[in-house]
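Fold and geometry: a report
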Amino acid sequence: MLIRNITLALVALVFTSTLPARLLGQASGSTVRDLGHDLPVPRAVAAAKTGPIVLDGRLDEQTWSAAAPITEFVQFDPDEGKPASERTEVRILYGDDALYIGARMFDRTPSAIHSRLVRRDADMQSDYFQVVIDAFHDHLGRAFFQVNPAGSKFDALGIGASNPDDSWDGIWEAATRIDSLGWVAEMRVPYSQLRFSRDPNQVWGLQIRRFIHRRNEESMWSFWHKNESGGPARFGHLDGVKIASVPRHLEVLPYVVTRSKHVRPVSGRDPFNDGSLQNARAGADLKYSVTSNLQLSATLNPDFGQVEVDPAVVNLSQYETFFQEKRPFFVEGAGVFGFGSFSCYFCSNVSSIESFYSRRIGRAPSGLDLAYDRGQFVDAPDNSTIVGAAKLTGRTKGGYTLGLMDAYTRSERASVFDTLTARSSSLVVEPSANYFVGRLKRDYLNGNLVVGAIGTSLVRSLDSTYSTRMTRHAELAGIDMLYTFKQRRYSIMSQMALSNVAGDTTVIASLQRSPARYLQRPDRSPGAYDPTATSLQGFAGYARVAKDGGDFNWEAAVNTRTVGYEVNDMAFLRNADYYWMSANVLKSWNKPTRWYRNMATILGTQQQFDYDGDRIDRQFHSWLSGRTLNFWNWSAFIIHRPWSLDDKQLRGGPVSARPGSEYVQAHINTDSRKALSFGFFPGYSWNFEGGWGFFPSLSADFRPKSNVLLSFGPSYSTSTAVQQYVTSVEDPAVAPEFAGRRYVMSGLDQRVLSLDTRMNWTFTPVMTFELFVQPFIASGHYFNFKEFDRARSTDKSIYGRDKGTISAVNLSGTGRVAAYTIDPDGAGPAGAFTIDNPDFNTRSLRGNAVFRWEYRPGSTLFLVWTQSRATDAPTGVGDFRFTRDREELFAARPDNIFLVKVNYWLAR
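All figures in this text were calculated on a predicted structure; none of them were measured in a lab.

Another aspect to go through is the overall build of the protein. From N to C terminus, the protein includes 5 helices and 49 strands. Relative to its length of 908 residues, the protein is compact, with a C-alpha radius of gyration of 30 Å against a globular reference of 29 Å. C-alpha atoms of the protein, sized along the principal axes, occupy 100 × 65 × 55 Å. Per-residue burial over the protein gives 52% buried out of 908 residues. Put simply, 65% of the contacts in the protein that link residues at least 6 apart link residues at least 24 apart. Total accessible area on the protein is roughly 38600 Å²; 56% of this is exposed by carbon and sulfur atoms. Averaged over its 100 positive side-chain charges, the protein has a centre that lies 4 Å from the centre of its 94 negative ones.

Shown next as structure tokens:
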């Protein structure tokens, strides 16, 4: 049976784009009469609204009596399968332009109802009522509408098979009220916020949930067990909705913003910065319903000043730091463009297929080094300006989920002042570029089979300067498939992608030497590195077969990137040149006992090879988690890694080796329903050469009032590494396997302390104040400078002890070490060399405060204050002293930015 299903899935992946729908069953966009469920589902009927409704949380209008109430709810938690402990009645009406939902949540002790006022889309930690609508009834899409007794709202939208997007802020209304019988919720959801077919007689998928906070009870209308696959395929049916016509909907959101920037100048002679700068700008966002299911979104001259700042990090690797996308235009609807879905019960150091990373659009200018080469003072933009961007997303009645996006960034220039010549000049620091991504998916077999494709493209306008620094164009094309069967208990997932980049030989050669592949390694296969190439092509693939439903599950997966796979112009790629495989088994216990409410364990393994056949990773792991009777959650896992090779550690040098290691981590979370709750996450690692690390972190949520949340996230790490890369120097006397370069390693004592602090103060459901502050202190001391004795080995010799000599070069009059002079073989033929002292001590404080007021539906006022402080210790200081570092951090002069932004929602 499994072989048959695998064969069917592979055939579908290749041929479904050309086969007529009748050969695979109708596409999931058909009406309910063409759709089936593997298991029976409940049915509800909406009634016509016959009179006016005032949203006041009372349900006292006569028209509500026309709708038959939905009353049958079953517990999902804590007593799975039992009737809900409190009665719920839900009535649904349809009008000319909106759906109306009225819910009466009976409660025998109304005074015990938990209600918290929180910002939109935040974790409510209270009672709530939720409606989920699959209006297209494709067994894939979901629109969430949730409200709590205080009137706080949550919503999310998932189109087709895309993941629900909680950044979507639909325009809908809700009113709530607590009374002597419990509490009431009234909702009005305009049809313009939903995606559905043009059939005047609608049949929608529907799920309704109620959560009683004090009991930690979740009850649902269309029930499935915890060990079953749920989601839209198991939703009930909502019949009776009649929509004569849906007019096309237009929303325009113009904005204006003023900014006052107070950044300390590098010098009093800086002609571009006197410490204070004010400016203003304007732009607009637009949304237009091309059809009832396709929406065009566009932005002109967007401003993202209200976005939270990125946290501080210490990155000692050769790889770029990844930051989450936070800009609203790119976050909203991002799930439609998602490709390379990745799933595993337990895995590490692996990623989904890299295809699109929206933070590449509007990135920081790449040519600032050219500007500073020309002059001491530079006035350059922080980011490339996005002149305009547009995206078309939605769903067709033929079962296609579509996402198209295009963005254009203009050429950016910097002004440069040279103090030696007293002349000003201007030069390009980022060329103009056009970014495109297209995503298409189609589903068959009632949503059990989804096949799709993606294409991305980047085109730059390059002059002679940038043609040797950047690729001229880059493309990616991929296909993917997800097939579920046997009531969705089994799944087969597969993706493939091809990449291409083209440019000058200098650019392509640098990509071949980049950390993703290091094709210049002296021990690589002959011909791997081609300095004359003008393009680079590669392949990425992923496949997973799994049993996902039941108390005992399993999975097996493979994942690969060929050496030429390169997508960093449009995506975020750390590693190519590998093939990876993994297998896990999972056992869960979901029936409560006198010891626990639920528990699960995983056993598994994974390993990874590069395309030269070297095993660069292997691990064995076990994981255990559970929930106690008092609703505390806990988990623990251990990873064992035996000795393995490392083809990236020497950053272009020959393959080296890593010692075997162990890693253990645990976490425990107290009951989040309490006013004060904690999470503790200790981790410890060690290897078989004496390296170790301890990584404890803590999270604490304190709710002094129902509308105030204080969150603290202190974390500390202390570690000693034994194989930290420092640098490489030319040396013809080195062993031939190192190809004329000596690779200097060291031990490293590192300490990092940070405290993520947040405050959310909600004045009303539409008025909030948010504060984020992160003090950050890090230090690193390098010691025992050494080198590998041979390739493919962990054997090393320490300079000054096992071989050669090392001497410190002190800064005059300070006693601090500025550099080290190393003679690797004493009186031998190798020459001495000097390296700067790499010790560091860095401190930073980043934060912003945002006041947000939705003064009318869809229209918002933002008041934003962003502050940053940073200071580094003098050369040669790599110790960690909390009192000193804290005092110097807060003594540093801050940079401040103040912003006022207002937008106004217009719709028809």
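Don't stop here, the text continues.
Turning next to the sheet that holds strand β2 (residues 47–48). Sheet architecture is open: 5 strands sit in the order β2-β4-β5-β10-β9, paired in mixed fashion. Each having just a single partner strand, β2 and β9 (173–179) make up the two edges of the open sheet. Where strand β4 (residues 88–94) lies against strand β5 (residues 98–106), 7 bridges are found, and the strand directions are antiparallel. By the bridge assignment for β5, E89 is matched with R104.

In spatial order, the strands read β43-β44-β45; together these 3 strands make up an open sheet with antiparallel pairing. The open sheet has two edge strands with one neighbour each: β43 (805–810) and β45 (833–836). Each adjacent strand pair in this sheet contributes to an overall mean axis angle of 25°, direction not counted.

A separate point is the packing of aromatic side chains. Scanning all chains against the criterion turns up 25 aromatic pairs. Ring geometry for F329 versus F330: centroids 5.2 Å apart, planes at 85°, classification edge-to-face. Comparing F329 with F330, the two get one shared label, buried. Seen in terms of ring centroids, Y357 and F572 are 5.4 Å apart; in terms of plane orientation they differ by 75°. Their pairing is edge-to-face. Of this pair, Y357 sits in the loop between α2 (328–331) and α3 (368–374) while F572 sits in the loop between β27 (552–561) and β28 (578–589), and the two are 215 residues apart along the sequence. Each of the two residues, Y357 as well as F572, counts as buried.

Turning our attention to a nonpolar patch on the surface. A cluster of nonpolar side chains, contributed by W632, I668, L676, F678, F680, L698 and F702, occupies part of the molecular surface with about 580 Å² of accessible area. For the nonpolar patch, the secondary-structure elements that each account for two or more residues are β35 (676–681) and β38 (697–705). Here the nonpolar patch gets 3 residues from one element, more than from any other, and that element is β35.

In terms of strand pairing, strand β26 (residues 535–547) meets β27 through 8 bridges, oriented antiparallel. The residue of β27 that forms the bridge with R544 is A557. Between β26 and β27, which pair antiparallel one after the other, the connecting turn spans 4 residues, and G550 there sits at a positive phi close to 115°. Where β27 meets β28, 10 bridges bridge the pair, whose relative direction is antiparallel.

Turning our attention to the confidence of the model for the protein. Across the protein, the average pLDDT comes to 88, with 95% of residues at 70 or higher. Predicted confidence for residues 1–35 stays below pLDDT 50, and this span has 61 contacts to residues more than four positions away or in other chains.

Turning to the nonpolar core, a few remarks are in order. Judged by nonpolar contacts, the single largest core of 77 residues is most densely connected at F129 and W204. Counting 16 residues, the second-largest nonpolar core is a separate cluster that includes F776, Y799, Y820 and F840.

Next up on the list: the environment of F73. Tracing the backbone shows F73 in the loop between β2 and β3 (74–77). F73 gets classed as buried once you look at its relative accessible area, which sits at 6%. In this structure, the C-alpha to C-alpha distance between F73 and K441, residues 368 residues apart in sequence, is 34 Å. Setting aside chain neighbours within four positions, we find F73 in contact with P83, A84, T88, V90, I208, S219, M220 and W221.

What follows deals with the pairing of strand β13 (residues 236–242). Put simply, side chains in a regular strand alternate between the two faces of the sheet. Across the 7 residues of β13, 5 count as buried, placing the element largely inside the fold. Relative to β13, strand β1 (residues 43–45) runs parallel, the two sharing 3 bridges. If you follow R43 over to β13, its bridge partner there is H237. Two strands pair when backbone bridges link them, and strand β11 (residues 201–212) and β13 are joined in this way by 5 bridges, in the antiparallel orientation. The residue bridging G205 from the neighbouring strand is H237, located in β13.

Right, let's talk about the environment of H640 for a bit. Among the structural elements, H640 can be located in strand β31 (residues 633–641). Here the alpha-carbon distance between H640 and Y100, two residues 540 residues apart in the chain, equals 55 Å. Not counting chain neighbours up to four residues away, the residues in contact with H640 comprise R618, Q619, F620, S661, E662 and F688. Engagement of the side chain of H640 in a polar contact is seen with the side chain of E662, the distance being 2.6 Å.

Assignment of secondary structure puts F882 in helix α5 (residues 882–891). When the C-alpha positions of F882 and L458 are compared, they lie 46 Å apart, and in sequence the two are 424 residues distant. If sequence neighbours within four positions are ignored, F882 has contacts with L753 and I777.

Below, the discussion takes up the pattern of salt bridges. Counted according to the given criterion, the structure contains 58 salt bridges. When the shortest N-O distance is used, the salt bridge between E86 and R214 registers 3.9 Å. With E86 in the loop between β3 and β4 and R214 in the loop between β11 and β12 (217–220), this pair connects stretches of sequence that are 128 residues apart. Given a relative accessible area of 10%, E86 falls into the buried group. Its salt-bridge partner being D647, residue R521 comes within 4.0 Å of it at the nearest N-O pair. Residue R521 is located in the loop between α4 (505–512) and β26, and its partner D647 is located in the loop between β32 (644–646) and β33 (656–658); the two are separated by 126 residues in the primary sequence. Relative accessible area serves as the criterion here: at 3%, R521 is assigned to the buried category. Judged by relative accessible area, which is 4%, D647 ranks as buried. Three or more residues are tied together by salt bridges with common partners; here these are R521, D523, R524, D577, D612 and D647.

What counts as what
Residues numbered from 1 in each chain as written. Predicted model: local features only at pLDDT ≥ 70, side-chain atom pairs only at ≥ 80, totals over all residues. Heavy atoms only, no water. Helix = DSSP H or I, 4+ residues; strand = E, 2+ residues; numbered from the N terminus. Rg over C-alpha atoms; globule rule 2.2 N^0.38 Å. Buried < 20%, exposed > 50% of the residue type's maximum accessible area, 1.4 Å probe, protein only. Contact = heavy atoms within 4.5 Å. Areas by Shrake-Rupley, 256 points an atom, 1.4 Å probe, with all protein chains shown as cover. Lys, Arg positive; Asp, Glu negative; His and termini not counted. Charge placed at Lys NZ, Arg CZ, Asp CG, Glu CD. Pairing = 2+ DSSP bridges. Axes fitted to C-alpha atoms, helices over the stretch in contact; angles between N-to-C directions. Phe/Tyr/Trp six-rings, centres within 6.5 Å; stacked < 30°, edge-to-face > 60°. Patch = residues over 30% accessible without salt bridge, like charges linked within 9 Å, V, L, I, M, F, W, Y side chains within 5 Å. Salt bridge = Lys/Arg side-chain N within 4 Å of Asp/Glu carboxyl O. pLDDT = per-residue confidence, 0-100. Core = buried A, V, L, I, M, F, W, Y, C linked by side-chain atoms within 4.5 Å. Polar contact = N/O pair within 3.5 Å; in protein donor to acceptor, adjacent residues only side chain to side chain.

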